[in-house]
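Structural characterization, general
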Amino acid sequence: MKQRMIFGLIGLIAILWFAPAQAARSYSAAQTSPTPTPGQFDMGTTQSITLSVTNTSTGANSDERLYQVQFQLSTTACSPTPCTNTVFSSATTAPAGWTRTAFSGTSITFKANSFANALGSTMQSPNVLPTNTSFALVLAVGTFTADLSQTLSKVTARLSPNTGFGGSHAVNCTSGSCLGSWKAMSLQITSFQTTDLSGNPISGTASGNSFRVVITAKNISTATQNGIVANPSPPTANTVGTWKPGSPGCSLTSTNPSPLNLASGASGTITYTCTTVSTPTPDNGTVSFTAAVRNGTTTATSRSATSNVITVSQITVQMDITPVCLFSGNTATMKLTATNSTLLTIFSVTPSALTITPLNGASTSALTGPSPASIASLAPGASGTFTWTATVTGTVDTTSSKPAIKADASASYNFGGPLQTTPAVSDTEDVDDFVVSVSPTSTNASSVNAELTFHVKNRGCGNNVTQVAITAPAGWTASSDVYSIVTDTLGNSLENNWTVSGTTFSAPNPAAQMPTDKSGDFSVVFSATPSSAGTSVFTVSVTDGTNTANHNGPETTVTVNAFRSGTLNQTQPSIWREIFQ
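Small disclaimer: the values here were computed from a predicted structure and weren't measured. (Residues numbered from 1 in each chain as written. Predicted model: local features only at pLDDT ≥ 70, side-chain atom pairs only at ≥ 80, totals over all residues. Heavy atoms only, no water.)

As for the overall build of the protein
Scanning the protein from N- to C-terminus turns up one helix and 46 strands. Relative to the 2.2 N^0.38 estimate, which gives 25 Å for 581 residues, the radius of gyration of the protein is 35 Å and therefore markedly larger than a compact globule would have. In terms of its C-alpha atoms, the protein occupies a principal-axis envelope of roughly 125 × 85 × 50 Å. Counting only residues that meet the buried cut, the protein has 41% of its 581 residues in that class. If you take every contact in the protein between residues at least 6 apart in sequence, the share linking residues at least 24 apart comes to 73%. With the model as given, the accessible surface of the protein reaches about 27300 Å², and the carbon-plus-sulfur share is 53%. Within the protein, one finds 22 positive and 23 negative side-chain charges whose respective centroids are separated by 22 Å. (Helix = DSSP H or I, 4+ residues; strand = E, 2+ residues; numbered from the N terminus. Rg over C-alpha atoms; globule rule 2.2 N^0.38 Å. Buried < 20%, exposed > 50% of the residue type's maximum accessible area, 1.4 Å probe, protein only. Contact = heavy atoms within 4.5 Å. Areas by Shrake-Rupley, 256 points an atom, 1.4 Å probe, with all protein chains shown as cover. Lys, Arg positive; Asp, Glu negative; His and termini not counted. Charge placed at Lys NZ, Arg CZ, Asp CG, Glu CD.)

Shown next, in the form of structure tokens:
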């Protein structure tokens, strides 16, 4: 009897030992962006997380395809109030080969377009590709009373062995890394700027000078946050170059107010003073600063931020481009000014070659300089300037970024020893213009009461347009019937508000002027047009607040067709300004 029991137990062990592994439907989901996890998102902003989903089914289920994924957020009301939940944004799109089949603020479902697009298991042999794909989920991050760590509430995948996705099975994930993670941040650093002691932004100073590091923080939570400080305090200095040990020495001098207490939506500044060394070995190099901010209980924090880079040197080097209002065809003047802020005379001050980088379709020609080629010496406190000129061209349109030029150079000098070089911070300046078009662009010869509308957009140099003057070519006779619709400084579209003298339209007051990136329509009825076919070029002169006038010729060309050239001899379309019934 005992012998039979022993043999039976051995047989059972053998069966268990040699039994095949059990099949399982499974998948993995891992956050690939932002990393490291959790991502840090400012409250009230639109952000995204990316999850890579992989079919990891095994055994008899390894031939099943993962064809549908649903991501869910919690539907529980946020607390404590006031607050708003984080929800999915409708800007979320499906990856290639998939379609977003369902959407709400708390649930998004994606489905493969075909069996071939569905995910094969990594355990299938041979592998069926693809085995994974990434889903970018756009989030409208909520607002809360304090920092809040968040995840998805559930991820559900459906798998099927059938090409029509019949007989499917769902696999859920409700915890772990498959849900992704992020942290809604209560505070935001809106500016991290170095300034001089008067508060003017600077990007360079001489060794031995002091400058300020100013952090502007905003409370983007729904509750008041008290005792806000930099973290770490003082901020971490990121230095490149030669610095006295412990330099730059930054010490907290004040906060505004002190301590920094911010109501919801309010901003304030934290200010440090940094003092550099000029003797016996001057500080020379670049430095930026990195910090976050937090409240007194660390329940409200911000993402880490880094200031601009400031150059600290024995001389300061500044690059400037003039004129400020630079139009296509103008001559740009680039000036590199070196100032000796040390207590010693510097020698052989020489500029590097000037590098002009054209941006957004700009171009330069006829480059001259530098003048002078070098300066023998600069006494303590003295400055020297090197000048280049170039002709700048570029076509400005109504929508995209303006053409621009960026200028870079550096100055080399010595104190009687090795040569030292200090670069200037780049200066960039837009190529400005006023974009003009006309409608209609054609009419017939000998037309009567032909109306032309000149559309003007202010893509100038930041000044309001004050006047638009239209000069007609020979053969066109302007009547007293003129009309304007102009967007003013408040964004209102005002009809016939500008005064008119002949065909010169003028803003009656500053509020009625046309600001940058706004436009206006200026219509003139011509009682007569040329008697023969041809092209007519109208001059449209635009004047801004600096009394700078410019115009675009090619866009203001009207074609005059032959008399009775297949259509009624009038300008089309006919325009009715008012209808009285």
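Considerations on the pattern of salt bridges
With the rule as written, the count across this model stands at five salt bridges. A salt bridge links Asp517 to Arg459; the nearest nitrogen and oxygen atoms lie 2.7 Å apart. In this pair, Asp517 is assigned in the loop between strand S41 (504-506) and strand S42 (519-528) and Arg459 in strand S36 (residues 450-459), connecting sequence segments 58 residues apart. Judged by its relative accessible area of 37%, Asp517 falls in the partly exposed class. (Salt bridge = Lys/Arg side-chain N within 4 Å of Asp/Glu carboxyl O.)

Details of the sheet that holds strand S9 (residues 148-151)
With mixed pairing, three strands are arranged side by side in an open sheet as S2-S12-S9. In this open sheet, the two strands that pair with only one neighbour each are strand S2 (39-42) and S9. Taking the axes of each pair of neighbouring strands and ignoring which way they run, one obtains an average angle of 30° across the sheet. Pairing of S9 with strand S12 (residues 181-185) involves four bridges; the strand directions are antiparallel. Note that in S12 the partner of Ser149 across the bridge is Lys183. (Pairing = 2+ DSSP bridges. Axes fitted to C-alpha atoms, helices over the stretch in contact; angles between N-to-C directions.)

A closer look at the pairing of strand S23 (residues 315-322)
Burial along S23 is one-sided: Ile315, Val317, Met319 and Ile321 are buried, while Thr316, Gln318, Asp320 and Thr322, pointing the other way, are not. Relative to strand S24 (residues 331-340), S23 is paired through eight bridges, and the arrangement is antiparallel. Each bridged residue has a counterpart across the sheet, and for Val317 the counterpart in S24 is Ala338.

A few points about the sheet that holds strand S27 (residues 363-371)
Two orientations exist for strands paired in a sheet by backbone hydrogen bonds: parallel and antiparallel. The strand order S23-S24-S29-S27 describes an open sheet built from four strands, whose pairing is antiparallel. The sheet is open, and its two edges are formed by S23 and S27, each paired on a single side. Averaged over all pairs of adjacent strands, the angle between their axes in this sheet comes to 15°, without regard to strand direction. Pairing analysis gives five bridges linking S27 to strand S29 (residues 383-393), with the strands arranged antiparallel. Within S29, the residue paired with Thr364 across the bridge is Val392.

Remarks on the state of the cysteines
Disulfide: a covalent bond formed between the sulfur atoms of two cysteine residues. Enumeration over the complete set of coordinates arrives at four disulfides. Through a disulfide, Cys173 is tied to Cys178; the S-S separation comes to 1.5 Å. An S-S torsion of about -50° defines the bridge between Cys173 and Cys178 as left-handed. Of the two residues, Cys173 and Cys178, both sit in the buried class. Paired by a disulfide, Cys250 and Cys274 hold their sulfur atoms 2.4 Å apart. (Disulfide = S-S within 2.5 Å.)

Some words on the environment of Thr350
Take Thr350: it is sitting in strand S25 (residues 346-351). In this structure Thr350 comes out as partly exposed when scored by relative accessible area, which is 31%. Put simply, Thr350 and Ser412 are 62 residues apart on the chain and 5.2 Å apart in space, counted from C-alpha to C-alpha. The residues contacting Thr350, other than those within four sequence positions of it, are Ala373, Ser374, Ser410, Ala411 and Ser412.

Quick word on the environment of Gln314
Inspection of the secondary structure assignment puts Gln314 in the loop between strand S22 (310-313) and S23. Taking the C-alpha atoms as reference, Gln314 lies 9.3 Å from Leu343; in sequence the two are 29 residues apart. With residues up to four places along the chain from it excluded, the contact list for Gln314 reads Ala206, Ser207, Pro282, Asn284, Asn340, Ser341, Thr342, Tyr413, Phe415 and Gln420.

Brief notes about the packing of aromatic side chains
This structure, assessed with the given rule, holds 14 aromatic pairs. Measuring from centroid to centroid gives 6.1 Å for Phe71 and Phe110, while their planes differ by 70°, and the two rings are edge-to-face. One end of the pair, Phe71, is in strand S4 (residues 65-72); the other, Phe110, is in strand S7 (residues 107-112), with 39 residues separating them in the sequence. Residue Phe71 is classed as buried on the basis of its relative accessible area of 0%. The class for Phe110 is buried, based on a relative accessible area of 0%. Aromatic side chains Trp476 and Phe538 sit 5.1 Å apart centroid to centroid with 70° between the ring planes, which places their arrangement in the edge-to-face category. Here the residue Trp476 occupies a position in the loop between strand S37 (465-471) and strand S38 (477-487), and Phe538 occupies one in the loop between strand S43 (534-537) and strand S44 (539-544), the gap between them amounting to 62 residues. Within the aromatic cluster, the residues linked to one another by ring pairs are Phe71, Trp98, Phe110 and Phe135. (Phe/Tyr/Trp six-rings, centres within 6.5 Å; stacked < 30°, edge-to-face > 60°.)

As for unusual backbone geometry
With an omega of -5°, the peptide bond running from Ser79 to Pro80 counts as cis. Along the chain, Pro80 turns up in the loop between S4 and strand S5 (87-88). Of note, the amide linkage connecting Ser439 to Pro440 takes the cis form, showing an omega dihedral of -5°. Topologically, Pro440 is positioned in the loop between strand S34 (433-439) and strand S35 (442-444). With a phi close to 60°, Thr298 is a non-glycine residue in the positive phi region. Position of Thr298 among the secondary structure elements: in the loop between strand S20 (284-294) and strand S21 (305-306). Thr298 gets classed as partly exposed once you look at its relative accessible area, which sits at 48%. One non-glycine residue, Ser446, adopts positive backbone phi at about 60°. Residue placement: Ser446 occurs in the loop between S35 and S36. Residue class for Ser446 comes out partly exposed when judged on its relative accessible area of 33%.

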